[in-house]
Each structure stands twice: as structure tokens, then as C-alpha cells.
Amino acid sequence: MIGNVFVQQYYSIMSTTHDELYKFYNNGSTLHVCGVGVPPLPGADAMGDQTVRTQAGIHARFNQLGYRGKRCEVRTVDSSHSIGGSVVVMVTGAITDGGVDRRAFTQTFVLAPQENGYYVLNDIIRFLPAQPAGDGALKVTLKAAAADAFASAAGVERSAAAP
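Quantities reported herein were computed from a predicted structural model and do not represent experimental measurements.

**Student:** Before we move on, can you summarise the overall build of the protein with the specific residues and values?
**Tutor:** For the protein, the count of helices and strands is three helices and six strands. Its helices and strands in sequence order give the protein the pattern α-β-β-α-β-β-β-β-α, from N to C terminus. Across the 163 residues of the protein, 36% fall into the buried class. Of the contacts formed within the protein by residues at least 6 apart in sequence, a portion of 51% connects residues at least 24 apart. For the protein, the exposed surface amounts to about 8800 Å²; the carbon and sulfur share of it is 55%.

Listed below in C-alpha cells is the structure:
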């Protein structure tokens, strides 16, 4: 329930009032963006750590990623309660401009409790390679990428052969 409500609010804000998206985070939050077509952090090596910390850093990263004017098509949402009242939320979907530009992604959030609900403690988003239309490989790619993101968030190494 918490995961679904969060996802509805998060992606609605992303589509309508992009400049407010950083407010889901606080200064102890981290955002890690990786995958196909992701620009490196300013002044950072593309192969280096792409993790951003603090609300201001996360806000700047969202602006760099070009989310403005985009909307999100959520395909799946899975969530689970975790330690200390936190909630892990995994999302698969695509970011689109309403036309032919679609970027498939998987995103994993760790929501931490606070006085008036939750905030995003950790956020990992991976953009996936484009697949030909009608190719069932996209489903497999999303599933594998989502499993990788979840394993990464949990600090678990995942075998490349696992589904």
C-alpha cells in the first residue's frame, strides 16, 4: 500500500511540477543514476561513482537528466517492509515525452520513516537499452535489471545467469 501510494505521488510530481521532486529527499539521501545514455556528473569521470548526496545535489542531478516535460509510464510496482520501519519499493517503466522518445528504466527506492510519513533515503535508477518494438526481450531485460537494482540496494551480489 505505502509503495503504491508513494509511486503515484512521486511520478505525478515528476510529470507536473518537476522542480518539486527533490522534496521527497533530505540531506542524508543518496541518488545513483546509471545505465544507457546517462550523462556523467559534471566534473566526474563517466566510469566513476555517479552517486549524488544532499537535496541540492539531487535537485541539480534531476535538472541535468532532462526530466522536465517528460512523464512516466509505470509498468510494475513491488514493495516490501524492511528494517526500522523502512519500505523498499521497486518500479519498472518508461520515461517518455509522449512521442517516440521512450527510455525504459528500473528504479529502486528505500523509503525511511519520518514524523509525517516517509522520505527517500536511497534511490537507484538504471536506464535500459532500447529494444525493438514487439520484442519480448524487453520484459526479460526489465526483470533482470530490476533484480540487479534490488540486489545492489540490498548489498547482495547477484549472479549474471540468474533470471
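**Student:** How would you summarise the nonpolar core if you had to cite specific residues and measurements?
**Tutor:** Membership of the largest hydrophobic core comes to 28 residues, with the highest contact counts inside it found for Tyr10, Tyr11, Phe62, Tyr67 and Phe109. When residues of this core are traced back to their parent elements, those giving at least two are α1 (2-16), β1 (25-35), α2 (55-65), β4 (87-96), β5 (102-114) and β6 (117-127). Broken down by element, the residue count for this core peaks at five residues, all from α1.

**Student:** Describe the sheet that holds β5, listing the residues and the values that go with them.
**Tutor:** Pairing in this open sheet of six strands is mixed, and the strands run β2-β1-β6-β5-β4-β3 from one edge to the other. The sheet terminates laterally at β2 (51-53) and β3 (71-81), the two strands that pair on one side only. Between one strand and the next, the sheet's axes are offset by a mean angle of 20 degrees, whatever the strand orientation. Lying on the sheet, α2 is in contact with β1 and β2; it crosses β1 at an angle near 30 degrees.

**Student:** How would you explain the pairing of β6 if you had to name every residue and give the values?
**Tutor:** As paired strands, β1 and β6 are joined by seven bridges and run parallel to one another. When the sheet's bridge partners are listed, His32 is paired in β6 with Ile124. Examined bridge by bridge, β5 and β6 share 10 bridges and lie antiparallel to one another. Considered in β6, the bridge of Leu111 is made with Val120. If you look at the hairpin formed by β5 and β6, you'll find two residues sitting between the two strands.

**Student:** Could you give an account of the packing of aromatic side chains, with specific residues and numbers?
**Tutor:** Within the structure shown, the criterion is met by nine aromatic pairs. Summarising the aromatic geometry, the rings of Phe6 and Tyr10 are spaced 5.4 Å apart at their centres and angled 40 degrees between planes, so their arrangement reads as tilted. Taken together, the residues span about one helical turn, with Phe6 and Tyr10 both in helix α1 at a distance of four residues. By relative accessible area, Tyr10 is classed as buried at 1%. Pairing Tyr10 with Tyr11 gives two aromatic rings, centres 5.1 Å apart and planes at 80 degrees, and the pair type is edge-to-face.

**Student:** So what's going on with α2? Which residues, and what values?
**Tutor:** Of the positions making up α2, those classed as buried are Ile58, Arg61, Phe62 and Leu65. All buried residues of α2 project into a common sector of 100 degrees when viewed along the axis, lining one side. Looking at the packing, one finds that the buried side of α2 touches α1, β1 and β2. The positive-phi residue at the C-terminal boundary of α2 is Gly66, with phi of around 75 degrees.

**Student:** I'd like a rundown of the side chain of Ser29, residues and numbers included.
**Tutor:** Along the chain, the position of Ser29 falls in strand β1. Here the side chain of Ser29 touches Asn26 through a polar contact of 2.8 Å, landing on its backbone nitrogen. Here the side chain of Ser29 touches Val120 through a polar contact of 2.5 Å, landing on its backbone oxygen. When residues no more than four places from it in sequence are discounted, the contact partners of Ser29 are Val52, Arg53, Thr54, Ile58, Tyr119, Val120 and Leu121.

So, how was this worked out
- Residues numbered from 1 in each chain as written.
- Predicted model: local features only at pLDDT ≥ 70, side-chain atom pairs only at ≥ 80, totals over all residues.
- Heavy atoms only, no water.
- Helix = DSSP H or I, 4+ residues; strand = E, 2+ residues; numbered from the N terminus.
- Buried < 20%, exposed > 50% of the residue type's maximum accessible area, 1.4 Å probe, protein only.
- Contact = heavy atoms within 4.5 Å.
- Areas by Shrake-Rupley, 256 points an atom, 1.4 Å probe, with all protein chains shown as cover.
- Core = buried A, V, L, I, M, F, W, Y, C linked by side-chain atoms within 4.5 Å.
- Pairing = 2+ DSSP bridges.
- Axes fitted to C-alpha atoms, helices over the stretch in contact; angles between N-to-C directions.
- Phe/Tyr/Trp six-rings, centres within 6.5 Å; stacked < 30°, edge-to-face > 60°.
- Arc of directions from axis to C-beta.
- Polar contact = N/O pair within 3.5 Å; in protein donor to acceptor, adjacent residues only side chain to side chain.

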